[in-house]
Each structure stands twice: as structure tokens, then as C-alpha cells.
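Summary of the model geometry
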Protein chains: 2
Amino acid sequence: METTVPTGTEQLLLELFVIFVTTKMLGEIFERLSLPAVPGEILAGIILGPYALGWIPGSDTLRSVAQIGAIFVLFSAGLETSPRDLIRVSRKALLVSVLGVVVPFVLGFAYMKLRGDTTVEAVFVAAAMVATSIGITARTLADMHVLSTRTARIILGAAVFDDVLGMLVLAVVAGAASGNGVAWLHLSVLTGEAVAFALFMMFIAPRIVRQLRPKMEQMSTQNASLVVALAICLLLSWLAVKIGMAAIVGAFFAGLTFADYAPRWNLIPRVGGITAFLAPFFFFDIGSRFNARVLTGNLLTMAVVISLLAIISKVIGCGLPLLHEGWPMVLRVGIGMMPRGEVALIVALVGVQSKILSQPAYGIVVLMTVATTIIAPPILRYLFRREIKLRPAGNVPAPVRL
Amino acid sequence: METTVPTGTEQLLLELFVIFVTTKMLGEIFERLSLPAVPGEILAGIILGPYALGWIPGSDTLRSVAQIGAIFVLFSAGLETSPRDLIRVSRKALLVSVLGVVVPFVLGFAYMKLRGDTTVEAVFVAAAMVATSIGITARTLADMHVLSTRTARIILGAAVFDDVLGMLVLAVVAGAASGNGVAWLHLSVLTGEAVAFALFMMFIAPRIVRQLRPKMEQMSTQNASLVVALAICLLLSWLAVKIGMAAIVGAFFAGLTFADYAPRWNLIPRVGGITAFLAPFFFFDIGSRFNARVLTGNLLTMAVVISLLAIISKVIGCGLPLLHEGWPMVLRVGIGMMPRGEVALIVALVGVQSKILSQPAYGIVVLMTVATTIIAPPILRYLFRREIKLRPAGNVPAPVRL
């Protein structure tokens, strides 16, 4: 018989309230200063997190809620992206992602070697610079109501490919770090799985949904369509992690699958409600991981240079295949692909754990992820300043985005 | 610098998926058998929980998600209840709740004494029988689309008073159990706080919202109205716990505060989306706490009798003040007030921890909570069979309830 009462309810509710309110308040202040809300929301995490005020020390529960929040940010973005439109830009997106991985790796590696670093450490720092984390950009594009533009589709498509490449880079460096060498066979299997997953989700899954539609609309459960969509979202998020990809990529695919029926089934406001509730915990969590104090002197210089390289290299790499489309496209896609996140942190952590990466080098990677994450939204907003759709004025409830 | 990566993402996502899908599938099967979904959802927890198949051993995170789910069940119910309508039935609801507390206590105490129990143990079992847990009924009424009936309002109003009384009973027995006697002064303060809270939320808070409305509709944050409503929901849930009440009562009050503006701000589908996602974890959690194996022989008889008394006593107690309104009203309110939940379990747990209540007596209380929780929805459905509004047929998305 269960003999534990849920303890700490009071603590949990207070933390949820404080995080939700400060995140949203700083977001609102940023909006009033004509800045995007996202860096404000991250700032809330930096301020209240364990390394500054320490009001929110963080817990497994909060971190789990943050992860579910990230999943819903991408699920919402997927719901607004038609698979057909994504397929149409897929060749371009593939080129963008490949060069967007190669250029940051080369530049990062070269700089660390020039600073006199060992080759293995330079490889780890460079590897941490390759993978784009699409959550920040997806939310920023959604806030500006430009998710349906071709540029947004190229960014989202490239982010999917980028995740596959990031997974491969992680597998290679982790294999190298383990001392057993790289398991090429295992790696090919992983790649095959990821590619099959992406192809299945883009080409076949939407057809299955079309076939099953009449059945779904007959189910007697309340909100049958929403329930099925949520179940698929959880399933694909898990499956993505299972085959070595990021959970959010699975969630994005799940959204994509239902995108064509999202208006008919009224999914966007309802999923948007969930995202509005859970996403702030994700952005707060990003900020709460940042400790500014360890970065001083020489280390700070290196961190700043690596951050600048991380920014420039994505613009160069992702921009190259788009040069003939003009500068606005180059810059928008490059900056949209700029934020780094979990994959970078995981690469760095594998390095630390296998004693290849020093703690200072780990600090550099963390600063780079926070810097790219905070800088991207305002630049994106500037680059999209002409396309931003103003929210409907007055009392009409605006369509829910995130 | 944060050096832990969120581990167990794969495990968490798999558990969320399995819980969500089995809960919803059993709910769907029950619906097809013309039963309410809730007992099916609870059954999922019994089957997969630690005492049967053991697939979902349970974790702090899952329990926290379940608690947040319960909060949203009541927040949604509050959003559909106008404070004015609740005030109109409040005298009646107060009578219903007082007699609905007194009668179960007397019957439970008498039976346990007749079985030869000690007085203190009899008091604890009796005390566990008094407090209604409104989550189950709120969801069942919402599923039937009868939340706006006068009967539903009496039930919800009585449940609020019932929670105040339940808190007092808990404080009295906990004080008695601590050996320090009952701290009457502290108890009066608690009561005063709870009454002030309830009065403030019903009479004053809705006016404040009316005053602040123009400001809220000017905010530039995406979904300003939803964000404010969610923040208030978290704040009041915390505050309710803080002053000794159940979190879900705070959430219900929060919903009440925004009920008059819920249509204008399009809150119901968006909050309903959150509830649809999180509520299944709450119902699953209820089921997962039940261990059928400890109840055998003599103990099972006692548990069944106590469960029957718990059922009958609420119908008698809650029904008495409504006799002149006819049998349908008596039965509907009595059965609606029947489910017991967290408060009963907490009372029992306090008893176990202070060594007043034996483990078998604890088992009896747990069976009573599960039995009343599973039995109430089908009876309610039968009693409301003429009022149930069928969901809109065909493709039109039904208004989101839970």
C-alpha cells in the first residue's frame, strides 16, 4: 500500500508560480523595449537560478517539466508547417545544414589549435559548435507569426538534418573519447534509422493520418483528435531519443504529421495552451544553467571569441548555399541556425567525463550556448522587421502561437 | 557551471506515453460500454502501477505532473462556473457540506467502535471518511456537459466548504495525534484564513479582474489573458496549500475569478488543452496507489462495510438539506459528494505515522477512497442520464471540456 503522501506540494507550486511569473514578466519588459521575449525569459533563469540569486535551486521535476516544455515548442511549430512545403525546400535545407556543420567545426578547431590546445580537446570544443538547437528560433519565428514563410521552412528543415548530423558528430567524438575507437557499424545503423525516421515522417505518416481520419472523428473520447495528436507527440519524442536524436525533433515530426488537419481539428489553440503553460519552464531552465562567475580573464576572451566564431561560422556555412537568393535570406537563415543548445552541452559533458575536456573549456562551451541563444532572437527580429505581423489589436483573442 | 545533463529523458518520455495512451484507451473502452471514462482511467493506474504489473513504478516527477493535472481539472471546472451562480446556492451548499461531514463521521466512528476498535483509531478512520475529493466529480460532470446546472453548482460549492471542514478535522486529529492536544488558537486562525480566502475569491477577486481587464488586454506578451490566468491559478493553488487547504480548491477559485471573461478571452479551449494533456496523469496516479492484495478475509469485510458507509453517509448527510427538492436532487448531490481522495489519505497517513492507526486500518481507508472514486462516476452518469448533452456529431470540433 502506498504510504507516502506527495510532499513538497507547497514548494513545487511556489516554484512553478515564481518561474512562470518572472519569466513572463521579463518577457513582457523585453517586448516593451521592442526586443523579443525569449532572451528576457532566459534572463529570468539566469537571475533566479542557482548561480545568481539561487531562489530556484532546480530539481528533477522542474527539469522534466522544462523538457516537456521544449517538446511542445517544437510540436506547436510542426503543427504550423505543412510537410509538402518542407519537402519542397528539403534539398536546399540539406545543403544549408551540411555546410552549417562543416564551417563551425573547421573554424572552432583551427582557433583552439592556434591557442595551443591539444588536438582532442580542440575536436571536442569544435564538435560542440556544430549542432543547432531549434527551440529558440522556432519560438522567435512563431512570436513574429512568420513560421509559414519559405525562410522559416528552410530553417526548420535544416534544423532537422542538422540534428542527424549533430547526432553523428556526437557519436564519433564519444566513440573516440571512450578509447574504443569509433564504432562505424553502429554509427551507420544509427544514421540509417534517423534517415528512415525522417523520410517516414515526412512522406508516409501524413498519409496514414489521412487514412485514419474518419476513424478518429468517430471516437467517443472527449477531444479524440487532440488526444491522438498528444499521444503521437509523446511517442515520436520518445522514439527520436531512442534512436539517438533529440526529443524535440520527434515532437516537430509529430506536429508535421497533423499539420494538414490542425485547423479542421482545432488543434492549434489547444496545443498552444499547453505550450503557453510549459514553454516558460524550458527557457528558464536554459538560463538557470549559466554561471557567469567562472569566466574571467583569459578564459573570458576565449569564450567570447568562440562565441563570435559560433555566430559567424553558422552565417557563413548556412549562408553559402543561399548566396544567389540575396543577403536577407543568407542572414536570416544563418542567424536562425545560430542558437546552440543541449547537443553542445552533451558533447562538452562527454568530454569532461572522459577527462579530455578541462572544466574551463566546458565553461567556454556553456557561454557559447547562452550567448548564441540570447543574441539570435533580437537579430532575427531585426532581420524580419518588415514581415512581422502585428497581433490583432483590441479585444479579439489573438490566434495562439506559443 | 551546471555539469549534469538531464538523464532519463528516454525513460520519462516512455512513461508519459504509456500512461497517457493506456489511460485514454481504457477511458475510450469504458465510454463504448456506456460507462464514464474516469473509472477506466483509474483502472489503467491500478493495472500498470507498482502493485499489479509494475510497469510504472512511479516517480517524484510523475506524481508532480499528476498534482498539476488535478489543479487543471478544477481550474477548468472553475472557468465554467460563474461566481454569482455559486453565491446564489451558497447557503444550501454550506448545509450540504456540514451534514455531509457530520453523518459520515458519526457512522464511521460508530461502526469501528462496534467492531471493538480503540476510540482514537475509530476517530481516525471516521475522520478519513469526511472530506470529499471533488476532482473526480468535476471531471464527470464536465464530461456530461452539465457543469452549468444548479445541481452541479451546489456540488461544487459544497465541495469548497467541505474542504474547509476537512482541513479543520485534519488539524484536530493531527493535533490530537501529536500528543500536544489540539491547538485551538492556531485552528481558529486557520479557519479565519480559509473563510477570508473563500469570501475574497467569491466576492472581491472577480471585481478586481473586471477593473484590470483593459490593462490586460493591452499587454504585448503573446496570450496575455491566458498567461495572467495561469499565473493566478498557480498562485492561488500555492496559497490554498499555504493556509492549509487543498491546492485544487485554490485552482477552482482561480477559475471562478476568470469565469465571466473566459468566453471573451477564449480561455476554455486553451486551458482545456492543458487539462486534456495533464489530467490523465492525475487519474492514473489515483489508481496506481491501490494495492488489492493486502485486503483479505476479515479486513476485506471491514473495508467493504466502511466503503458502503462512506457512500450511504454522504447521500444521507448531503441529501437531508435537499429533501424538499425531491429525490433526484438528493441522490445527485449525495453521489457527487461521495468520492474521497487526498485528504482521506493524508488523515490516514498522519494516523499511521503517529502509530495510532494500524497498517490494516490504513488499507481500509485506501480501499474506501478507491471504491468511492470508482463507483461515483457511473452512478452520476445514470442519475444525469436525461440531461447528458451529446457531443456534437461529425466533424465539428466539440468544445473542449477536459
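Residues numbered from 1 in each chain as written. Chains lettered and ligands numbered in written order. Predicted model: local features only at pLDDT ≥ 70, side-chain atom pairs only at ≥ 80, totals over all residues. Heavy atoms only, no water.

Considerations on the nonpolar core
Basically, it comes down to this: The definition of a nonpolar core used throughout is a set of buried Ala, Val, Leu, Ile, Met, Phe, Trp, Tyr and Cys residues joined through side-chain atoms within 4.5 Å. Residue exposure (1.4 Å probe, protein chains only): buried if accessible area is under 20% of the type maximum, exposed if over 50%, otherwise partly exposed. Residues count as neighbours in contact if any of their non-hydrogen atoms are within 4.5 Å of one another.
Counting 295 residues, the largest nonpolar core has F75, F253 and F277 of chain A together with F75, F253 and F277 of chain B as its most contacted members. Ignoring any residue separated from it by four or fewer positions in sequence, one finds F75 of chain B in contact with A229, L230, C233, A251, F252, A254, G255 and V271 of chain B.

With respect to the packing of aromatic side chains
Note the following rule: Stacked, tilted and edge-to-face pairs are distinguished by plane angle, under 30 degrees for stacked and over 60 for edge-to-face with tilted covering the rest, among Phe, Tyr and Trp rings (Trp via its six-membered ring) whose centres lie within 6.5 Å. Only DSSP runs of H or I with at least four residues qualify as helices, and only runs of E with at least two residues qualify as strands; both kinds are numbered from the N terminus onward.
Counted under the stated rule, the structure contains 22 aromatic pairs over all chains. Judged by centre distance (6.3 Å) and plane angle (50°), the rings of F258 of chain A and W265 of chain A are tilted. For W265 of chain A, a relative accessible area of 2% corresponds to the buried category. With a centroid separation of 6.5 Å and an interplanar angle of 5°, the aromatic rings of F105 of chain B and F109 of chain B are classed as stacked. Of the two residues, F105 of chain B and F109 of chain B are both situated in helix α5 (residues 90–114); the distance of four residues between them amounts to about one turn of the helix.

Let's talk about the packing of helix α3 (residues 60–79) of chain B against helix α12 (residues 267–288) of chain B
All names here are of chain B. Here is the rule: Orientation is described by lines fitted to C-alpha atoms, with helices fitted over the stretch in contact, and by angles between N-to-C directions that extend from 0 to 180 degrees. When describing relative orientation, an angle under 35 degrees is termed roughly parallel and one over 145 degrees roughly antiparallel, while 65 to 115 degrees is termed roughly perpendicular and anything else oblique. Crossings are classed by handedness, with left-handed meaning an anticlockwise turn of the near helix from the far one by less than a right angle and right-handed meaning a clockwise turn. Charged residues are taken to be Asp, Glu, Lys and Arg, nonpolar residues to be Ala, Val, Leu, Ile, Met, Phe, Trp, Tyr, Cys and Pro, and polar residues to be all remaining types, Gly included.
Where α3 contacts α12, the two axes come as close as 6 Å, and the packing angle between them is 135°. Here α3 lies oblique to α12, going by the angle between them. The way α3 lies across α12 gives a crossing that is left-handed. In terms of residue class, the contact of α3 with α12 is built from 17 nonpolar, five polar and two charged.

A short note on helix α2 (residues 37–48) of chain A
What counts, and what does not: A helix is expected to span 1.5 Å multiplied by its residue count minus one.
Its 12 residues place the ends of α2 of chain A 17 Å apart at the C-alpha level, agreeing with the 16 Å of an ideal helix rising 1.5 Å per residue. For α2 of chain A, the buried fraction is high: 10 of the 12 residues fall into the buried class.

With respect to unusual backbone geometry
All names here are of chain A. Positioned with a positive phi, N266 is a non-glycine residue whose angle comes to about 55°. Residue placement: N266 occurs in the loop between α11 (247–258) and α12 (267–288). By relative accessible area, N266 is classed as partly exposed at 26%.

Side note on the pattern of salt bridges
Residues and elements named next belong to chain A. As a reminder of what qualifies: Between Lys or Arg on one side and Asp or Glu on the other, a salt bridge is scored when a side-chain nitrogen of the former is within 4 Å of a carboxyl oxygen of the latter.
Considering all chains together, one arrives at 28 salt bridges over all chains under this definition. Residue R153 pairs with D85 through a salt bridge whose shortest N-O separation is 3.6 Å. With R153 in helix α8 (residues 150–178) and D85 in helix α4 (residues 83–88), this residue pair connects regions lying 68 residues apart in the sequence. Judged by its relative accessible area of 13%, R153 is buried.

Points about the side chain of T373 of chain A
All names here are of chain A. Selection rule: For the purposes of these results, a polar contact is taken to be a pair of N or O atoms within 3.5 Å, where, inside protein, one atom must be able to donate a hydrogen and its partner to accept one; residues adjacent in sequence count only when each atom of the pair is a side-chain atom.
Structurally, T373 can be placed in helix α16 (residues 359–383). Looking at T373, the relative accessible area reads 2%, which means it is buried. Only 2.5 Å separates the side chain of T373 from the backbone oxygen of T369, close enough to count as a polar contact. Apart from the residues within four sequence positions on either side, T373 is in contact with I42, I136, I286, P339 and R340.

Structural notes on a nonpolar patch on the surface
All names here are of chain A. Put simply, the test is: Only residues whose relative accessible area exceeds 30% and that form no salt bridge are eligible for patches; like-charged ones are grouped when within 9 Å, while nonpolar side chains (Val, Leu, Ile, Met, Phe, Trp, Tyr) are grouped when within 5 Å. Areas reported here follow the Shrake-Rupley algorithm with a probe of radius 1.4 Å; residue values treat only the protein chains shown as occluding.
There is a patch of nonpolar side chains on the surface, built from L300, V304, L308, I312, I316, L320, L323, W327 and L331 and spanning about 800 Å² of accessible area. At the level of secondary structure, the elements contributing two or more residues to the nonpolar patch comprise α13 (297–319) and α14 (327–336). In terms of residues, the nonpolar patch owes the most to one element, α13, which gives five residues. As for its placement among the helices and strands, L300 is situated in helix α13. When its relative accessible area of 35% is taken as the criterion, L300 is described as partly exposed.

So, the packing of α2 of chain A against helix α7 (residues 134–143) of chain A
Residue and element names in this part refer to chain A. Running from N to C, α2 and α7 point in directions that differ by 130°, and their axes come no closer than 9 Å. Relative to α7, α2 is oriented oblique. In contact with A37, V38, E41 and I42 of α2, α7 contributes I136, R139, T140 and D143. Looking at the contact of α2 with α7 residue by residue, the class counts come to four nonpolar, one polar and three charged.

Concerning the environment of Y261 of chain A
Tracing the chain through its elements places Y261 of chain A in the loop between α11 and α12. The spacing of Y261 of chain A and S225 of chain A is 36 residues in sequence and 9.5 Å in space, taken between C-alpha atoms.

Re helix α16 (residues 359–383) of chain B
What counts here: Given a residue, its bend is the angle between the two axes fitted to the seven residues that end at it and to the seven that start from it.
With 25 residues, α16 of chain B should reach 36 Å at 1.5 Å per residue; the first-to-last C-alpha distance of 36 Å fits that figure. By the largest-angle criterion, A376 of chain B marks the main kink of α16 of chain B, which is about 25°, and a proline, P377 of chain B, follows within four residues.

Considerations on the environment of F282 of chain A
Residue and element names in this part refer to chain A. Here F282 lies in helix α12. The class for F282 is buried, based on a relative accessible area of 9%. The spacing of F282 and V120 is 162 residues in sequence and 32 Å in space, taken between C-alpha atoms. Dropping the residues within four chain positions of it, F282 is found in contact with A66, G69, A70, V73 and G135.

Everything listed here is a matter of coordinates, which is why it stays silent on function.
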